[in-house]
Amino acid sequence: MAIASPSAPSFSASFCRTRTETPSTFTRIPSIFSHRAKPRPLTRRLALSARFNKSTSSDAGGSVSPDNGEPENGEPDDSELQYELFHGLSPQRCRKGSPVFVTLPLDTVGPLGLLRRPRAMVQSLKALAAAGVEGVVMEVWWGLVERDQPMLYNWEGYLEIVALARRCGLKVRAVLAFHQCGTGPEDPHWIPLPLWVLDEIDKDPDLAYSDRFGRRNMEYVSLGCDMLPVLLGRSPLQAYADFMRNFRDTFRPFLGVVITRIQVGMGPAGELRYPSCPTQKLTWAWRSRELGEFQCYDKYMLASLNACARAIGMPEWGNGGPIGAGNLMQNLEQTDFFKSHHGSWTTPYGNFFLEWYSGMLLLHGERICREAETIFRGTEASTSVKIAGIHWHYRTQSHPSEITAGYYNTRLRDGYLPIARMLAKYGFTLCCSCFELQDLEEQRMNPVGSPEGLLRQLLSAARVCDIPLEGETSTTSFDHQSFEQVVRMSKFYSYGLEKPSFSFNFVRMDKKMFEYHNWIRFNRFVRQMSDANAFRAKLEVDAMPDTRRSPTSISDVAKFGMGSTYC
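About the thresholds
- Residues numbered from 1 in each chain as written.
- Predicted model: local features only at pLDDT ≥ 70, side-chain atom pairs only at ≥ 80, totals over all residues.
- Heavy atoms only, no water.
- UniProt positions renumbered as here; feature names shortened; annotations may be inferred.
- Axes fitted to C-alpha atoms, helices over the stretch in contact; angles between N-to-C directions.
- Helix = DSSP H or I, 4+ residues; strand = E, 2+ residues; numbered from the N terminus.
- Parallel < 35°, antiparallel > 145°, perpendicular 65-115°, else oblique.
- Left-handed = near helix turned anticlockwise from the far one by under 90°.
- Contact = heavy atoms within 4.5 Å.
- Buried < 20%, exposed > 50% of the residue type's maximum accessible area, 1.4 Å probe, protein only.
- Core = buried A, V, L, I, M, F, W, Y, C linked by side-chain atoms within 4.5 Å.
- Phe/Tyr/Trp six-rings, centres within 6.5 Å; stacked < 30°, edge-to-face > 60°.
- pLDDT = per-residue confidence, 0-100.

Looking up the chain in an unreviewed UniProt entry gives the name Beta-amylase, with the organism given as Prunus dulcis. Per its UniProt entry, the chain bears the Catalytic activity (unreviewed entry) comment "Hydrolysis of (1->4)-alpha-D-glucosidic linkages in polysaccharides so as to remove successive maltose units from the non-reducing ends of the chains." Heading Sequence similarities (unreviewed entry) of the UniProt record for the chain holds this comment: "Belongs to the glycosyl hydrolase 14 family."

This is the structure:
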C-alpha cells in the first residue's frame, strides 16, 4: 500500500541550542498514566492444548520435550507449570503486575515491505498469547516504508502484523525506526536508510556523522542538520514528522486499541545518542576498552560549535572536538581529556564542549518529542524514547563511553536527569535496556563497568520525574539468572510507588524461544512479572482460515511457528 503524504510546513534553521526554545502551548498526553478499557472485537475462543508427550524427544526443529520435572541448575521445579499447561487452566489472562511484550524478529517484514511467512507468524503469536504475553513490539523501518521515493509510503506488511496481533488478542508497540539496521548488504538483516536519503548523502557526505579521522557513520542522519532542507527540500525533522503523521493516519483505527504505545527513534539503534561506537560493536566482548569517538566533525555540527564558541567570546574553542581524547582502545588514564585527576573534562573548556555536545543531543530529542506529541495527541497511544545502556566505564570518574555518546554523565554531574525532565515535559515514557545484566558477571571481564549502577541511575531519574518506565533486555537470553535479574531490577523501580507504571520488552523472539527449557523459563518469567499465583492463558481469535483448524499444541507451535521460520 503506497500512500502519498501532503507537504509539511517549513521550519527555520538554527544551530545553537537556546534555553528558551519551547513551544508556546503544551498539552500532556492524558493516557500515559492510565489505560482505559478498550472494546474487543467479537471473537470466539480457541482452546489451547498444552500436553507434553513424554515419549516425544527433542529434535533440531525445536520441538518440545519433557524433563520429568527435574530441576535444572538449581532452578525451580517445572512440575507446577507442566501441570497447569497439561490441564489447560485458561479462564482468563492475568492483567495484574507488569505486562510483558516480545520484540518480533528483525526479518518479520521483507525488503519489499511484505510480511514473511504469515501462517508461521500466526502460530507464534498464538503461543505468545497463551503464555500470557501482553503484546509484541513491531519495528517499523523508515528504510522499508519510504524506501524508493520521498513521501511515498508502503505500510502493507505492518498493517498485516497489526491485524494478526489483534486477532490473537495481543497488543502492539510500534517502534518508528529512523536508523539503519545491520552492518552492510552481506548482513541478512540489512536495512539501510531510504535509498533516496542515501542518494542525498552521496551528494553531501556531511549529512552523515563524522569523527576526527573523517570516518562517516551512516546509521542515522546527523542531528546537526535537523532543521535544514537537505533532503530534497525537506529537513530531516520534517521527514520524520511526515512519516509519523502518515503512520498516524494509516493506523488510526488501531491506535489506542491495538497499538498502545509508539516508540520514536532518535538515533543509532533507535536510541537518543550519537554513534560514538558502531552499534554492532556494542555487544562485543572487548567493548569494555572502547572509549568512543566524538561525532562532531561534519560541517553542520562544526558550524554549530563554532557559532556557540563565538557567542561566548572563545572562538578558539569552536574548531573541533577535544584535543587529547585518546584513541578508541586507549587506557583513559593515559589521555589528557578523560583521565580521572586533572583531566581537561573538568576544565572550563571541557565543560563548555560537553554542555554543547550533550545539549545538541537533548535539543534533537526535544524537537522530535514536540513533533510526536502534537501528531499523536488524542490518539490514546502513549509514546516513548529509548536511552542507551552504555555502562562499561560507569565506575570511572569521567565516564568516557557515555560522554562520547552524548550523555554528560560523570561523578560530578547527573547526565540523565535532564533527559528524564524533557520526557516528562512532553509526556513520554523512558525506555532503557540492561535489565538482565549483573555487575558480578560484567566485572569479571571489565572491573570498571556497572550495568546495575547505570540502570539504577536511570530508574531513579524516572521515579524523580514521575514518568513511566519501559524495560528491555540488551541481548536475547533465556537463562534463569537473567530472568531473575529482570524481576529484581523491575522491583527496584516499583518499590514504594503507589501506582508504578512499568512494562517490559523481551528482545527478541527467535527459534530458541520455543525450545522446551527456554519456553518453560519464559512462561515462568511472564508469571513472575504478572504476580500471578497460577498460570492463565486465553487465546482469542477471529474467524480466519488459519485458526479454524484443530486446537494447536505448544509443541506444534514450537515446531511450525518458529523452528521452520526464524532460523
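**Student:** In this structure, what is going on with the packing of helix 7 (residues 299-311) against helix 8 (residues 348-376)? I would like to understand it.
**Tutor:** At a closest axis distance of 11 Å, the pairing of helix 7 and helix 8 adopts a crossing angle of 130°. Our classification of the angle between helix 7 and helix 8 gives oblique. Crossing geometry of helix 7 relative to helix 8 is assigned as right-handed. Across from Met-301, Ser-304, Leu-305, Cys-308 and Ala-309 in helix 7, the residues of helix 8 making contact are Phe-352, Phe-353, Trp-356 and Met-360.

**Student:** How should unusual backbone geometry be read in this particular structure?
**Tutor:** The bulk of non-glycine residues show a negative phi, and the bulk of peptide bonds are trans. Cis rather than trans, the peptide bond between Val-507 and Arg-508 has omega equal to -10°. Here Arg-508 shows up in the loop between strand 13 (502-506) and helix 14 (516-530). Despite not being glycine, Ala-269 shows a phi value in the positive range, around 60°. Inspection of the secondary structure assignment puts Ala-269 in the loop between strand 9 (259-264) and helix 7. What makes Ala-269 partly exposed here is its relative accessible area of 27%.

**Student:** Would you mind going over the nonpolar core with me for this structure?
**Tutor:** Generally speaking, soluble globular proteins have nonpolar side chains that are buried together. Counting 148 residues, the largest nonpolar core has Leu-128, Phe-247 and Phe-522 as the members making the most contacts within it. For this core, the element with the most residues is helix 8, which contributes 14 residues. Leave out the neighbours within four places in its chain, and Leu-128 touches Val-102, Val-133, Val-136, Leu-170, Met-509, Met-513, Trp-519 and Phe-522.

**Student:** Help me out: how do you make sense of the packing of aromatic side chains in this one?
**Tutor:** Note on aromatic pairs: each is described by the distance of the centres and the angle between the planes. Per the counting criterion, the structure on display carries 39 aromatic pairs. Ring geometry for Tyr-153 against Trp-155: centres 6.0 Å apart, planes inclined by 15°, an arrangement best described as stacked. Tyr-153 gets classed as buried once you look at its relative accessible area, which sits at 0%. Ring geometry for Trp-317 versus Phe-352: centroids 5.5 Å apart, planes at 40°, classification tilted. Residue Trp-317 is found in the loop between helix 7 and helix 8, and its partner Phe-352 is found in helix 8; the two are separated by 35 residues along the sequence. Of the two residues, Trp-317 and Phe-352, neither departs from the other in class, the shared state being buried.

**Student:** I would appreciate a short explanation of the confidence of the model for the chain in the present structure.
**Tutor:** Keep in mind that low pLDDT regions are not for reading the predicted coordinates in detail. Overall, the prediction assigns the chain a mean pLDDT of 81, with 74% of residues at 70 or greater. Long-range and interchain partners of residues 78-94, a stretch whose pLDDT sits below 50, account for 50 contacts in this model, where long-range means more than four residues apart. Every residue in residues 532-567 scores below 50 in pLDDT, and together they form 126 contacts with partners more than four places removed in sequence or on other chains.

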